[in-house]
Amino acid sequence: MERTGIISGVLLSSTMDLKSFYGLDFAERGEKVRLLNPDEVTDHEEIRFAVCWLPDGDAFAPYPNLQMAMSIGAGVDALLNHEGLHDEAMICRVRDPHQADLMAGYAVHETLHFLRGFDRMKASQEARQWAPLPMQPPKHTRIAVLGNGTMGAAVTRALAAVGFSLAVACRNEPREPLPGVTYFAGENAPLRAAEGAAVLINVLPLTPETENILNADLFDRLAEGAWLIQIGRGEHLHEADFVEALESGRLSGASLDVFRQEPLPEDHPFWGDGRLRITPHIASDSTPSVVADQVLQSARELLSGERPSLAIDRGRGY
Ligand code: GLV
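Criteria and thresholds
- Residues numbered from 1 in each chain as written.
- Predicted model: local features only at pLDDT ≥ 70, side-chain atom pairs only at ≥ 80, totals over all residues.
- Heavy atoms only, no water.
- Domains from an automatic or database assignment.
- Contact = heavy atoms within 4.5 Å.
- Buried area = accessible area lost by both parts, 1.4 Å probe.
- Salt bridge = Lys/Arg side-chain N within 4 Å of Asp/Glu carboxyl O.
- Near = heavy atom within 4 Å.
- Areas by Shrake-Rupley, 256 points an atom, 1.4 Å probe, with all protein chains shown as cover.
- Nonpolar A, V, L, I, M, F, W, Y, C, P; charged D, E, K, R; others polar.
- UniProt positions renumbered as here; feature names shortened; annotations may be inferred.
- Helix = DSSP H or I, 4+ residues; strand = E, 2+ residues; numbered from the N terminus.
- Pairing = 2+ DSSP bridges.
- Axes fitted to C-alpha atoms, helices over the stretch in contact; angles between N-to-C directions.
- Phe/Tyr/Trp six-rings, centres within 6.5 Å; stacked < 30°, edge-to-face > 60°.
- Buried < 20%, exposed > 50% of the residue type's maximum accessible area, 1.4 Å probe, protein only.
- Polar contact = N/O pair within 3.5 Å; in protein donor to acceptor, adjacent residues only side chain to side chain.

- The protein chain goes by Hydroxyacid dehydrogenase in an unreviewed UniProt entry, where it is assigned to Roseibium aggregatum.

If you want it as structure tokens, here you go:
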């Protein structure tokens, strides 16, 4: 395998043509990294890594020497939960600051849409009514952010920049806390951060501990009539508790970008619920040039025998 000084990988996706979309034709650029579609692979033993987005159930089976699987997105849940990927394979993710900025923009937009009553403004416009709404200084509004990774930190920074009071739930105390932001680490951090919040934003990675974390216990901590912004993974949301919280008025509505089943099935009740703002998993996306650079970097690190710097901690789940 080591013989040529070239490293080969395979592109595995059930939904997209990764090579052309992300510009992963490295060999054409004279790089020592070769990426092949499964039908281009002649020597399966030569494949040492895979670049993946939603790989099929049996996608990894033909490659006995796979050492690394890299997600072209920030989330690695589809790889961690993939039964065909052996436990020793390293899992890498893309860490894209532009993707984090997109996420932050979505969170700020949805937050302001709710807090400033833009839906009601639209209704007033349609009725030709001049109907200003009361407003309050952002500092008086608490926003809870669950997660403080690349995405969560960007969301917090952006909301702090427009003046809100931020309460952030994170696993460990941050090394670089933002001034004026309150961080809650460790035991029950999400519950403590959610206390009295008018907006709850979920940017957690999906792990066995975070599945169904958006549940009644958490909703009960929020201010009456709060708003949920769900930009993590569909499996974070306990749907029955969520519907209950909408019915009781604990939540006045939600911006939902991710779902247990995507695309959201046509007959799903969320579609017709006027309290919800539904978007098709577009809160953010990774940038093709960043993906290409980071795939190349990870492949080179693997070739030189280093642990790729974008490898996640499998035990932790991110
Ligand atoms: C998007 O959902 C990602 O994981 O990057």
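Let's pick the thread back up.
## Quick notes on the domain arrangement of the protein chain
Piece 1. Under the domain assignment used here, the protein chain contains domain 1 (7–96 + 286–303) and domain 2 (99–278).
Piece 2. The centre of domain 1, based on its C-alpha atoms, is set 33 Å off from the matching centre of domain 2.
Piece 3. Across the boundary between the two partners, domain 1 contributes 9 residues, which contact 6 residues of domain 2.
Piece 4. Of all residues in domain 1, the largest losses of buried area upon contact with domain 2 belong to Ala74, Asp77 and Asp96, amounting jointly to 57% of the total for that side.
Piece 5. One can count 1 salt bridge joining domain 1 with domain 2.

## Side note on the site of the ligand
Piece 1. The environment of the ligand is formed by Trp53, Gly73, Ala74, Gly75, Gln99, Arg233 and His281.
Piece 2. Contact with the protein chains hides 89% of the accessible area of the ligand, taken as 190 Å² for the molecule alone.
Piece 3. Split by residue class, the shell around the ligand holds 2 nonpolar, 4 polar and 1 charged.

## Notes on the UniProt feature "domain: D-isomer specific 2-hydroxyacid dehydrogenase NAD-binding" (unreviewed entry) in the protein chain
Piece 1. In this numbering, the UniProt entry assigns the feature "domain: D-isomer specific 2-hydroxyacid dehydrogenase NAD-binding" (unreviewed entry) to residues 111–283.
Piece 2. Secondary structure across residues 111–283 comprises 27% helix and 19% strand; the distance between its end C-alpha atoms is 13 Å.

## Notes on the sheet that holds strand E1 (residues 7–13)
Piece 1. Read from one edge to the other, the open sheet built from 5 strands follows the order E2-E1-E3-E4-E5, with strand pairing classed as parallel. Lying at the two open borders of the sheet, with one neighbouring strand each, are strand E2 (33–36) and strand E5 (90–92). The sheet shows a mean angle of 25 degrees between the axes of neighbouring strands, taken without regard to direction.
Piece 2. The pairing of E1 with strand E3 (residues 47–53) spans 6 bridges and is classified as parallel. Looking at E3, one finds that serine 8 is bridged to isoleucine 47.

## Some thoughts on the packing of aromatic side chains
The geometry of two aromatic rings is summed up by the distance between their centres and the angle between their planes.
Piece 1. If you walk through the whole model with that rule in mind, you get 4 aromatic pairs.
Piece 2. Centre to centre, the rings of phenylalanine 219 and phenylalanine 242 are 6.4 Å apart; their planes meet at 55 degrees, and the pair counts as tilted. Of this pair, phenylalanine 219 sits in helix H7 (residues 216–219) while phenylalanine 242 sits in helix H8 (residues 239–248), and the two are 23 residues apart along the sequence. No difference in accessibility class separates phenylalanine 219 from phenylalanine 242, as the two residues are buried.
Piece 3. Site record: aromatic cluster; members linked through ring pairs are Phe219, Phe242 and Phe270.

## Comments concerning the side chain of threonine 210
Piece 1. Along the polypeptide, threonine 210 turns up in the loop between strand E9 (199–202) and H7.
Piece 2. A polar atom in the side chain of threonine 210 sits 2.8 Å from the backbone oxygen of proline 205.
Piece 3. Within the local environment of threonine 210, its side chain forms a polar contact with the side chain of histidine 236, the two groups lying 3.2 Å apart.
Piece 4. What threonine 210 contacts, discounting residues up to four positions off in sequence, is Leu204, Pro205 and His236.

## Quick word on the environment of serine 255
Piece 1. Residue placement: serine 255 occurs in strand E11 (residues 251–256).
Piece 2. Each C-alpha atom of the pair serine 255 and alanine 107 lies 9.2 Å from the other, and the pair is 148 residues apart in sequence.
Piece 3. Apart from the residues within four sequence positions on either side, serine 255 is in contact with Tyr106, Glu110, Trp227, Leu228, Ile229, Gln230 and Arg277.
Piece 4. Separated by 2.8 Å, the side chains of serine 255 and glutamate 110 make a polar contact.

## Quick word on the sheet that holds strand E7 (residues 165–170)
Piece 1. Here 7 strands make up an open sheet; going across it, the order is E8-E7-E6-E9-E10-E11-E12 and the pairing parallel. Because the sheet does not close on itself, it has two edges, and the strands there are strand E8 (182–185) and strand E12 (276–278). Geometrically, the sheet is characterised by an average inter-axis angle of 15 degrees between neighbouring strands, direction not taken into account.
Piece 2. Here E11 runs beside E12; their pairing, made up of 3 bridges, is parallel. Bridge pairing in E12 places leucine 256 opposite isoleucine 278.
Piece 3. Across the sheet, helix H3 (residues 97–115) lies against strand E6 (142–146), E9, strand E10 (226–230), E11 and E12, angled at about 160 degrees from E10, the strand it touches most.

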